[in-house]
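# What the coordinates show
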Amino acid sequence: MLYIGNFSYTDNREDTDNICLMPLMVEASSADAALERFTELLRITHEESDLMDGASSIYLESLIEFDELPDEPVIVRWQKIYSAEDGLYSVLTPLPGHEDLAEAYTWSADDEELVDLSSEPTAEEIAEELTETLEILFSDDDDEGAEANADGDDAFLTF
């Protein structure tokens, strides 16, 4: 199967908000095998190249799994990064309009596993997400969300 992993990180060497995007691709027997190979490549690149010198935490935004190569062009990922008063935000949609051609997953750092993006979220999952978002929005510490990401709390891989 063909896997496309969409990874991101913040370059900590920069004084301004930034997001570095890295799509990776590999043929592998399973999603776990693809993630192992991606992890190996990211570690080697971080250790042996200056490309990722400013990276401390890598985030897996989506993993796309193709059983077979499509005959027609496919939008694999649509992403918008926008600036707000308290930093940069990203909205990502894997496979917009092509959900029937492949599977899309994201990373759950809490469970350390892939989560199928094509399945409908349960009421409990929606409530959890809303609660976490509200806690961040109404927190006394304005930088709580930024600190969580800087510490790698939601990271796929931390150096």
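Just so we're clear, the structure is a prediction, and the values are computed from it rather than from any experiment.

Conventions used here
Throughout, a residue's number is its position along its own chain's written sequence, starting from 1. The predicted nature of this model means local features are confined to residues of pLDDT at least 70 and side-chain atom pairs, given and counted, to a pLDDT of 80 or more, with totals for whole chains, interfaces and linings taken over all residues. Remark: hydrogens and water are excluded; side-chain values derive from all non-hydrogen atoms of the structure. Secondary structure elements follow DSSP: runs of H or I no shorter than four residues count as helices, runs of E no shorter than two count as strands, and numbering proceeds from the N terminus. Only protein chains enter the accessibility calculation, which uses a 1.4 Å probe; a residue whose area is less than 20% of its type maximum is buried, one above 50% is exposed, and one in between is partly exposed. Note on areas: these come from Shrake-Rupley sampling with a 1.4 Å probe, and a residue is covered only by the protein chains present in the view. Joining through side-chain atoms within 4.5 Å is the link that ties buried Ala, Val, Leu, Ile, Met, Phe, Trp, Tyr and Cys residues into a set, and such a set is a nonpolar core. Residue contacts follow a heavy-atom distance rule, with two residues in contact if any of their heavy atoms lie within 4.5 Å. Whenever Lys or Arg places a side-chain nitrogen within 4 Å of a carboxyl oxygen from Asp or Glu, that contact is recorded as a salt bridge. Like charges within 9 Å and nonpolar side chains (Val, Leu, Ile, Met, Phe, Trp, Tyr) within 5 Å are joined into patches, using only residues over 30% in relative accessible area that form no salt bridge. Only four residue types enter the charge count, namely Lys and Arg as positive and Asp and Glu as negative; His and the chain termini do not. Where a charge lies is defined by one atom per residue type: Lys uses NZ, Arg uses CZ, Asp uses CG and Glu uses CD. The predictor attaches a confidence to each residue, called pLDDT, with possible values from 0 through 100.

### Some details on the overall build of the protein chain
- Looking only at helices and strands, the protein chain has 3 helices and 8 strands in total.
- Helices and strands appear in the protein chain in the N-to-C order β-β-α-β-β-β-β-β-α-α-β.
- A total of 159 residues make up the protein chain; the buried ones form 33% of that total.
- When the accessible area of the protein chain is evaluated, it comes to approximately 10,500 Å², of which 48% is carbon and sulfur surface.

### A short note on the nonpolar core
- Counting residues in each nonpolar core, the largest one holds 21 residues, and the members touching the most others are Y3, F7, M22, F38, L42, I58 and L63.
- Those elements that place two or more of their residues in this core are strand 1 (2-9), strand 2 (20-27), helix 1 (31-48) and strand 3 (57-66).
- Ranked by residue count, the leading element in this core is helix 1, at 5 residues.
- Setting aside residues up to four positions removed in sequence, I58 forms contacts with F7, S8, Y9, M22, L42, M52, A155, F156, L157 and F159.
- Of all hydrophobic cores here, the second largest spans 8 residues; its members include I64, F66, V74 and A102.

### Topic: the pattern of salt bridges
- Counting across every chain of the model gives 2 salt bridges.
- Close ionic contact of E61 with R77 constitutes a salt bridge, the shortest N to O distance being 3.7 Å. With E61 in strand 3 and R77 in strand 4 (residues 77-84), the pair connects residues that are 16 residues apart, well separated along the chain.
- Of the residues examined, E61 reaches a relative accessible area of 17% and is grouped as buried.

### Digging into unusual backbone geometry
- In this structure, L95 is a non-glycine residue whose phi angle is positive, near 55°.
- Of note, L95 is situated in the loop between strand 5 (87-94) and strand 6 (103-108).

### A closer look at a negative patch on the surface
- A surface patch of like charges, here negative, comprises D67, E68, D71, E72 and E103.
- Among the structural elements, D67 can be located in the loop between strand 3 and strand 4.
- Accessibility expressed as a relative area gives 62% for D67, which makes it exposed.

### Focus: a nonpolar patch on the surface
- Residues I75, W78, Y82, Y89 and V91 make up a contiguous nonpolar surface patch of about 460 Å² in total accessible area.
- For the nonpolar patch, the elements supplying multiple residues, two or more each, are strand 4 and strand 5.
- Mapping Y82 onto the fold places it in strand 4.

### What about the environment of T93?
- Assignment of secondary structure puts T93 in strand 5.
- Between the C-alpha atom of T93 and that of W78, which follows or precedes it by 15 residues, the distance is 5.2 Å.
- When residues no more than four places from it in sequence are discounted, the contact partners of T93 are R77 and W78.

### What about the confidence of the model for the protein chain?
- Counting all residues, the mean pLDDT for the protein chain is 80, and 73% of those residues have values of 70 or more.
- This model gives residues 142-151 a pLDDT under 50, and the stretch forms 13 contacts once residues within four places in sequence are excluded.

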